[in-house]
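Structural features, examined
The primary structure of each chain is shown beneath.
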Amino acid sequence: MNTKNALITGATSGIGRATAKLFAQNGINVIICGRRQDRLNELEKELSAKVKVQTLTFDVADKKAVFKAIESLPQAFAQIDILINNAGNAHGLDTIQDGSIDDWEAMLDINVKGLLYVSKAVMPKMIAQKSGHIINIGSTAAKEVYPKGNVYCASKHAVDALNQAMRIDLNGLGIRVGAVHPGMVATEFSEVRFKGDTQKAANVYKGFHPLVADDIADIIHFVVTRPYHVNIADLVVMSTDQATSTIVNKN
Ligand code: NDP
Ligand code: 8X3
């Protein structure tokens, strides 16, 4: 069996880090990306006993940095078999009339334009190889809009649209495209959303049994290990306690 190479954005935390760990445990080489070099180094140390690991430190919203980083990959990683477009966050939780323009720009630049830049850098490789698998991490916020979710939901609706667009435009080129849309997952997501307010972030996941990053990593691994003719196109996953973005069985 050929060893595969996976590029994972947002591998310094949460879903991306858990996915990198699970891939490595299962013999998939990983290109781990993020802005926090110290965390990437730590993860590289841990995973390099199992598989080949390459770190790439860049901001997905920085177009030039994205292309420079991906072009710098060594020969061992010239082929990218799997791309996990995972980097992203919510910034703020405010009504649209009270929202911060800086927060809006961060979400659109990172969650939408960042995903596009990374995909644009990786797709030519996959097209030349006539093979590849792109997984876009959306959200339940890609499927519905909730109070104060406005621009985050818009950014994730865009991810949903781009996932469909990639599947349409890349059809026939040997590349699988699909999205995984998680509901509430207890990661650093809410700490980022609430700008470091750990108490407020912890409250989001209190009183019910939320998903954890390993649950999503497990699903992503399932998706990438299906036979080639099977493409999981769109997968929504929520905690059993969650029914919609606003209906959560909390006690
Ligand atoms: P975390 O905050 O734990 O992780 C976010 C990751 O994204 C980090 O590794 C961070 O790395 C990276 N990232 C953020 N901004 C940038 C940037 N500008 N450039 C490069 N990397 C960046 O959150 P999650 O693991 O929960 O989130 C991962 C994905 O899952 C996101 O797309 C999120 O929207 C989505 N999601 C999360 C849900 C949840 O409830 N947690 C539910 C549904 C979807 P670094 O800071 O080092 O750059
Ligand atoms: C994250 C899901 O509902 O916390 O994408 O915004 S939610």
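Just so we're clear, the structure is a prediction, and the values are computed from it rather than from any experiment. (Residues numbered from 1 in each chain as written. Chains lettered and ligands numbered in written order. Predicted model: local features only at pLDDT ≥ 70, side-chain atom pairs only at ≥ 80, totals over all residues. Heavy atoms only, no water.)

Before going further, it helps to spend a moment on the environment of Gly14. Topologically, Gly14 is positioned in helix α1 (residues 14–25). Sequence separation of Gly14 and Ala87 is 73 residues, and the distance between their C-alpha atoms is 10.0 Å. Residues contacting Gly14, with those up to four places away along its chain left out, are Thr187 and Ala213. (Helix = DSSP H or I, 4+ residues; strand = E, 2+ residues; numbered from the N terminus. Contact = heavy atoms within 4.5 Å.)

Opposite charge on two side chains lets them pair, provided their charged atoms get close. Applying the stated rule across the entire model yields seven salt bridges. Here Glu188 and Arg39 are joined by a salt bridge, their closest N and O atoms 3.0 Å apart. Of this pair, Glu188 sits in the loop between β7 (185–186) and α6 (189–193) while Arg39 is found in helix α2 (residues 37–47), placing the two residues 149 residues apart along the sequence. On the basis of relative accessible area, Arg39 is assigned to the partly exposed category, the value being 24%. Measuring nitrogen to oxygen at the nearest pair gives 3.3 Å for the salt bridge that ties Asp160 to Lys143. (Salt bridge = Lys/Arg side-chain N within 4 Å of Asp/Glu carboxyl O. Buried < 20%, exposed > 50% of the residue type's maximum accessible area, 1.4 Å probe, protein only.)

Around ligand 1, a shell composed of 30 residues is seen, among which Thr12, Ser13, Arg35, Tyr152 and Thr187 lie nearest. Within the backbone of Ile15, an N or O atom sits 2.9 Å from an oxygen atom of ligand 1. Interatomic distance of 2.6 Å between a side-chain N/O atom of Thr187 and an oxygen atom of ligand 1. Protein burial of ligand 1: of its 880 Å² of free accessible surface, 97% is covered by the chains. Tallied by class, residues from the shell around ligand 1 come to 13 nonpolar, 12 polar and five charged. (Near = heavy atom within 4 Å. Polar contact = N/O pair within 3.5 Å; in protein donor to acceptor, adjacent residues only side chain to side chain. Areas by Shrake-Rupley, 256 points an atom, 1.4 Å probe, with all protein chains shown as cover. Nonpolar A, V, L, I, M, F, W, Y, C, P; charged D, E, K, R; others polar.)

This part is about the nonpolar core. Counting 29 residues, the largest nonpolar core has Phe23, Val180 and Ile220 as the members making the most contacts within it. At the level of secondary structure, the elements contributing two or more residues to this core comprise β1 (5–8), α1, β2 (29–34), α2, β4 (82–85), β5 (132–137), α8 (213–224) and β9 (234–237). Ranked by residue count, the leading element in this core is α8, at five residues. Cys33, Ala69, Phe77 and Leu83 belong to the second largest nonpolar core, which has 27 residues in total. (Core = buried A, V, L, I, M, F, W, Y, C linked by side-chain atoms within 4.5 Å.)

Its 20 residues place the ends of helix α5 (residues 150–169) 28 Å apart at the C-alpha level, agreeing with the 28 Å of an ideal helix rising 1.5 Å per residue. Those residues of α5 that fall on the buried side of the exposure criterion are Val151, Tyr152, Cys153, Ser155, Lys156, Val159, Asp160, Asn163 and Met166. On its buried face, α5 sits against β4, α4 (101–129), β5, β6 (175–182), α6 and β9. (Expected span 1.5 Å × (residues − 1).)

It is worth spelling out the site of ligand 2 at this point. Close to ligand 2 lie Ser139, Tyr146, Tyr152, Phe189 and Arg193. Tyr146 is positioned such that a nitrogen or oxygen atom in its side chain is 2.5 Å from an oxygen atom of ligand 2. Taking Tyr152, its side chain carries an N or O atom lying 2.5 Å from an oxygen atom of ligand 2. Grouping the constituent residues of the shell around ligand 2 by class yields three nonpolar, one polar and one charged.

The contact between α1 and α8 brings their axes to 8 Å, and the two run at 55°. Considered as vectors, α1 and α8 are oriented oblique to each other. α8 is crossed by α1, and the crossing has right-handed handedness. Within the contact between the two elements, α1 uses Gly14, Ile15, Ala18, Thr19, Leu22 and Phe23 and α8 uses Ala213, Asp214, Ile216, Ala217, Asp218, Ile220, His221 and Val224. (Axes fitted to C-alpha atoms, helices over the stretch in contact; angles between N-to-C directions. Parallel < 35°, antiparallel > 145°, perpendicular 65-115°, else oblique. Left-handed = near helix turned anticlockwise from the far one by under 90°.)

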